[in-house]
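# Summary of structural features
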Amino acid sequence: MHLRVLFLLFAFLLSHKTYGQLLKPCSTVNSVHNEWVTRFQQRLPNDDFLRSSLTLYFPIKIFISGKVHSQSGTISPEKLMDEICHLNHLYKQANISFYLESPPTVLSSANYESIETEFELGQLLQSYKSTNAIPVYVVENALDACGFNVFHQGVNKGIVLSSECYKVKGALFAHEIGHFLGLPHTFQGWEGIAFDYTLKAPEHWENVKVERADGSNCRSAGDGFCDTAPDYLNLRWSCSDSSKSPIPLLDPMGKSFYSDGSLIMGYALDPCPNRFSKEQIMTMRAYADEFYPTLFKGDLPLRINQTLPIVNTPIENTQVNLSNGVTFSWEKVPGTYKYIIEVSPMPNMALITSRFEIAPDSLSYMTKQLITGRKYYWRLRSLNIYSFCSSVSKIYSFSTVLATSNVDLSANDNSIIINNPISEELSLKFSSEKFPLQLILLNNSGQTIFQKNYTQSVGQTNLSISVSAFPPGQYTLTVRSAQKTQSHSVVIIP
Ligand SMILES: [Zn+2]
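Residues numbered from 1 in each chain as written. Predicted model: local features only at pLDDT ≥ 70, side-chain atom pairs only at ≥ 80, totals over all residues.

### Focus: the pairing of strand β21 (residues 396-401)
Note that strand β15 (residues 318-321) and β21 share 4 bridges and pair parallel. Its bridge partner being in β21, Gln 319 is matched across the sheet by Ser 399. Bridge count for strand β20 (residues 375-384) against β21 is 4 bridges, and the pairing is antiparallel. Bridge pairing in β21 places Trp 378 opposite Tyr 396. (Pairing = 2+ DSSP bridges. Helix = DSSP H or I, 4+ residues; strand = E, 2+ residues; numbered from the N terminus.)

Here it is as structure tokens:
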């Protein structure tokens with residue numbers, strides 16, 4: 001299968017560790033439906049910007065590698081919400097909004113973690129398709145490129161993104177969608193060819209006319225847009241504070257100018273790219289109208305209230321009786337495909353010690369995994385196909401108590417732990433009849449990180465374990481005596 005891969009967004013980012021290897025340059029320079037785009041550009045009005053007030057809603061279908069999408073992966077389910085929120089933020093200027101056609105499809109096969117050949121890419125595209133949405137494939141590394149638009153036998157097959165290039169609030173996703181909607185690079189014609197940028201540019205470069213700094217040939221040269229500055233920079237570059245290229249370039253007439261790093265279709269590094277030009281926006285909207293008239297709708301199929309998830313229980317700052325477990329409950333958030341409850345001992349949620357995933361048809365969840373006598377902070381997330389920016393609730397708190405009599409409490413071994421969460425020392429109190437006993441501390445992976453035997457003692461005895469060398473997180477303390485073995489959850493905080 002021969003796939004023409006367009007616009008490999010290659011990165012000569014020697015200084016960026018995440019880009020690690022040298023990524024391949026682009027082998028083809030034509031944009032998607034290039035002739036149509038060129039014809040449309042001839043019709044573009046030179047003055048007024050005829051911006052439509054109608055928002056175009058595009059469904060996208062995400063196919064994402066299981067490794068990339070795991071909780072510890074580059075684009076976790078939570079980060080994906082943030083990424084689409086940012087994509088919509090960047091496209092707001094074009095009155096274009098994206099939503100998920102359905103929950104992301106997780107590619108469980110390790111074959112799709114990394115795409116090394118065009119054959120493998122063909123297999124991925126063949127196995128996972130969407131005709132109702134823009135297909136977006138996210139793998140760890142695809143053909144050593146940060147991303148590209150795949151155009152095969154006249155069909156726009158979707159975009160591929162390499163999570164190795166993932167940057168929080170980056171423009172990569174928006175750039176590739178720009179290609180999908182017909183936009184060329186701002187440096188069209190220069191893709192993949194080395195040039196000494198201190199020299200005057202030639203009149204032609206490959207088959208594309210070189211754009212002049214005075215704009216006199218803007219419609220027929222470079223990217224064909226007259227409201228994007230000339231650009232010859234086909235490698236990734238850092239822009240200055242004013243979004244300009246760090247060095248001036250020389251056009252074929254010897255006139256110097258700077259490329260514009262604010263344009264999403266150029267190669268300036270994040271966080272510079274943040275806009276499309278008016279002509280680029282008109283082209284994307286007209287392209288969608290021409291090639292995908294049924295794909296976009298005038299309005300979201302489901303109107304949802306873009307407000308934070310509303311939670312009901314535990315009631316804020318109350319005490320919860322742990323003997324019945326802690327029950328979390330909330331109002332339905334339309335469009336949710338998974339709810340996630342996050343629990344932390346810290347008010348800023350910097351350390352998540354419990355995380356519960358709940359199916360979309362449930363509006364409550366009960367757990368007995370929390371510890372008595374503690375203050376907890378929590379929040380609710382909605383992983384949602386329509387709403388991305390407001391998918392997490394405010395942070396709430398509650399305390400846990402065990403509503404038993406004093407007699408019962410003294411008999412209960414939960415009372416042996418004096419402090420929890422723990423920052424430096426875990427303190428324990430035992431009466432003499434418990435001895436001899438053994439203490440074992442296991443980390444979250446079940447590995448023993450502390451173990452000690454204690455012999456006979458008289459009266460009340462305080463024991464302590466220094467935990468300053470252990471990383472923050474949830475641990476299990478097991479107390480083993482002749483009478484019984486009991487385990488307790490403990491939390492070590494930084
Ligand atoms: Zn590109």
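### Describing the sheet that holds strand β19 (residues 364-367)
If you walk across this open sheet you meet the 3 strands as β14-β16-β19, and the pairing is antiparallel. The two strands at the open ends of the sheet, each matched to only one other strand, are β14 (311-313) and β19. Between one strand axis and the next, the sheet turns by 20 degrees as a mean value, whatever way the strands run. In this sheet, β19 lies alongside strand β16 (residues 326-330) in antiparallel orientation, the contact comprising 4 bridges. Following the sheet pairing, Thr 327 is matched in β19 by Met 366. (Axes fitted to C-alpha atoms, helices over the stretch in contact; angles between N-to-C directions.)

### Concerning the pairing of strand β6 (residues 134-139)
By the criterion of burial, β6 is predominantly enclosed, with 6 of the 6 residues buried. Alignment of strand β2 (residues 56-65) against β6, held across 5 bridges, turns out to be parallel. Directly across from Phe 63, in β6, lies its bridge partner Tyr 137. Across 4 bridges, the pairing between β6 and strand β9 (residues 155-162) is parallel. (Buried ≥ 20, exposed ≤ 12 C-beta atoms within 10 Å, placed from the backbone.)

### Structural notes on helix α3 (residues 118-127)
Along α3, the residues that are buried comprise Leu 121, Leu 124 and Leu 125. Within α3, the buried residues cover an arc of 95 degrees as seen down the axis, which keeps them to one side. Away from its buried face, by an angle of more than 90 degrees, α3 presents the exposed residues Phe 119, Gln 126 and Ser 127. Here the buried face of α3 lies against β5 (114-115), β6, β7 (141-142), β8 (147-152) and β9. (Arc of directions from axis to C-beta. Contact = placed C-beta atoms within 7 Å.)

### Notes on unusual backbone geometry
Residue Pro 271 is bonded to the preceding Asp 270 through a cis peptide linkage, with omega at 5 degrees. Within the secondary structure layout, Pro 271 lies in the loop between β13 (256-257) and α5 (278-291). Pro 314 follows Thr 313 through a cis peptide bond whose omega is -5 degrees. In the Ramachandran plot, Asn 317 falls in the positive-phi region, its phi being about 60 degrees despite a non-glycine side chain. Inspection of the secondary structure assignment puts Asn 317 in the loop between β14 and β15. Even without glycine at this site, Met 349 takes up a positive phi of about 60 degrees. Considering the arrangement of structural elements, one finds Met 349 in the loop between β17 (336-344) and β18 (354-358).

### Overview of the environment of Leu 107
Topologically, Leu 107 is positioned in strand β4 (residues 105-107). The sequence separation of Leu 107 and Val 139 amounts to 32 residues, and the corresponding C-alpha distance is 8.9 Å. In this structure, Leu 107 is in contact with Phe 63, Ile 64, Ser 65, Gly 66 and Tyr 112, ignoring residues within four places of it in sequence.

### Topic: the confidence of the model for the protein chain
Within the protein chain, residue pLDDT values average 82, and 84% of them lie at 70 or more. In the predicted structure, residues 1-29 sits below a pLDDT of 50 and forms 73 contacts with residues beyond four places in sequence or in another chain. (pLDDT = per-residue confidence, 0-100.)

### Looking at the sheet that holds β15
Within the open sheet, the 5 strands sit side by side as β15-β21-β20-β17-β18. Their pairing is mixed. Each end of this open sheet is capped by a strand with a single partner; those strands are β15 and β18. With strand direction ignored, the average angle separating the axes of adjacent strands in the sheet is 30 degrees. Pairing geometry for β17 and β18, over 5 bridges, is antiparallel. The partner of Val 343 across the bridge, within β18, is Ser 354.

### Looking at the nonpolar core
Within the largest apolar cluster, 75 residues are counted, with the highest numbers of intra-cluster contacts made by Val 136, Val 138, Ala 174 and Met 284. Inspection of this core shows a minimum of three residues originating in each of domain 1 (4-180) and domain 2 (303-401). Once you skip the residues sitting within four places of it in the chain, Ala 174 turns out to touch Leu 87, Leu 90, Tyr 91 and Ile 264. With 15 residues, the next largest nonpolar core counts Phe 187, Val 210, Cys 218 and Cys 239 among its residues. (Core = buried A, V, L, I, M, F, W, Y, C linked by C-beta atoms within 7 Å. Domains from an automatic or database assignment.)

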